[in-house]
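Residues per chain, in single letters:
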Amino acid sequence: MIADVLADAATRMDRAVESAKDDFATVRTGRANPQLFQKILVDYYGTPTPLAQLASLNNIEARTIVVTPYDKSALKAIEEAIRNTPNLGANPTNDGNLVRVTMPELTEERRKEFVKIVRTKGEDAKVHVRGIRRKAKDDLDSLKSDVGEDEISRGEKELDALTKAHVDLIDEALKRKEAELLEV
């Protein structure tokens, strides 16, 4: 029973760490990266649709991405969605067949702004992991009548170690992203 609670918590914490890493990837650095466009939703016939489902994304130069839509009628909507994405600062151009997105050079001030955004995302991920820990602890406490207090205490220590390991993983990913952002 305790092992089940810990296994469930570990799985959920792993997903939280992966989600945090995906979130970090959506914050741009000096280079253009197709992952920046993963969370962009395009209004496609009245339905918000992920850009990756509507077009292929190719990185042709260090700061240029070419978006080739599968359906040419979606060109305007794709261009508009990219232009309206906050914290991207991209200026897309449409040539009738594809959308070319050139990323502007990052200033020192903008880099520091992005570091703040990444730190906020990292803190949100850590709060989520701690929330998973809280729920798992409640689940362990509800088992107190079925198993002894010593077993519950051991389970809580394992849960704390698990939580610390996942928070450390988020911190490592955060440090890597900050270094990447501040690198000129």
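Residues numbered from 1 in each chain as written. Predicted model: local features only at pLDDT ≥ 70, side-chain atom pairs only at ≥ 80, totals over all residues. Heavy atoms only, no water.

Draft legend 1. Representation of the pairing of strand E1 (residues 41–44). Relative to strand E2 (residues 47–50), E1 is paired through four bridges, and the arrangement is antiparallel. Residue pairing in the sheet places Tyr44 in a bridge with Thr47 of E2. Between E1 and E2, which pair antiparallel and follow one another directly, the connecting turn spans two residues, one of which, Tyr45, has a positive phi of 55°. (Pairing = 2+ DSSP bridges. Helix = DSSP H or I, 4+ residues; strand = E, 2+ residues; numbered from the N terminus.)

Draft legend 2. Focus on the packing of helix H1 (residues 2–25) against helix H4 (residues 108–142). Relative orientation of the contacting elements H1 and H4 amounts to 170°, with a least axis distance of 10 Å. Compared by their axis directions, H1 and H4 come out roughly antiparallel. Along its contact with H1, which presents Ile2, Val5, Ala9, Arg12, Met13, Ala16, Ala20, Asp23 and Phe24, the element H4 presents Val118, Lys121, Gly122, Ala125, His128, Val129, Ile132, Arg133, Lys135, Ala136, Asp139 and Leu140. Tallied by class, residues from the contact of H1 with H4 come to 13 nonpolar, two polar and six charged. (Axes fitted to C-alpha atoms, helices over the stretch in contact; angles between N-to-C directions. Parallel < 35°, antiparallel > 145°, perpendicular 65-115°, else oblique. Contact = heavy atoms within 4.5 Å. Nonpolar A, V, L, I, M, F, W, Y, C, P; charged D, E, K, R; others polar.)

Draft legend 3. Main features of the sheet that holds strand E4 (residues 64–69). A sheet is described by the order of its strands in space; here four strands give the open sequence E3-E4-E6-E5, paired in antiparallel fashion. The outermost strands of the open sheet, each flanked by one partner alone, are strand E3 (55–61) and strand E5 (91–94). Neighbour-to-neighbour, the strand axes of the sheet open up by a mean angle of 25°, direction not taken into account. Bridge count between E3 and E4: six bridges; the pairing is antiparallel. Pairing of Asn58 across the sheet is with Val66, part of E4. Sitting on the sheet, helix H3 (residues 75–83) is in contact with E3, E4, E5 and strand E6 (99–102), with an inclination near 170° to E5.

Draft legend 4. Geometry of the packing of aromatic side chains. Under the defined criterion, the tally for this structure stands at one aromatic pair. Considering the side-chain rings of Tyr44 and Tyr45, the 4.7 Å spacing of their centres and the 65° angle between planes classify their relative orientation as edge-to-face. (Phe/Tyr/Trp six-rings, centres within 6.5 Å; stacked < 30°, edge-to-face > 60°.)

Draft legend 5. Molecular detail of the nonpolar core. Formed by 21 residues in total, the largest nonpolar core has its most connected members in Phe37, Leu51, Val67, Ile78 and Ile82. Of all the elements in the fold, those that place two or more residues in this core are helix H2 (51–54), E3, E4, H3 and E6. When residues of this core are assigned to their parent elements, the largest contribution, four residues, is made by H3. Among residues more than four places away in sequence, those in contact with Val67 are Leu51, Ala55, Ser56, Leu57, Ile78, Ile82, Leu98, Val99 and Val101. Grouped together as the second largest cluster of nonpolar side chains are 18 residues, Ala20, Ala125, Ala136 and Leu143 included. (Core = buried A, V, L, I, M, F, W, Y, C linked by side-chain atoms within 4.5 Å. Buried < 20%, exposed > 50% of the residue type's maximum accessible area, 1.4 Å probe, protein only.)

By themselves these figures say nothing about function.
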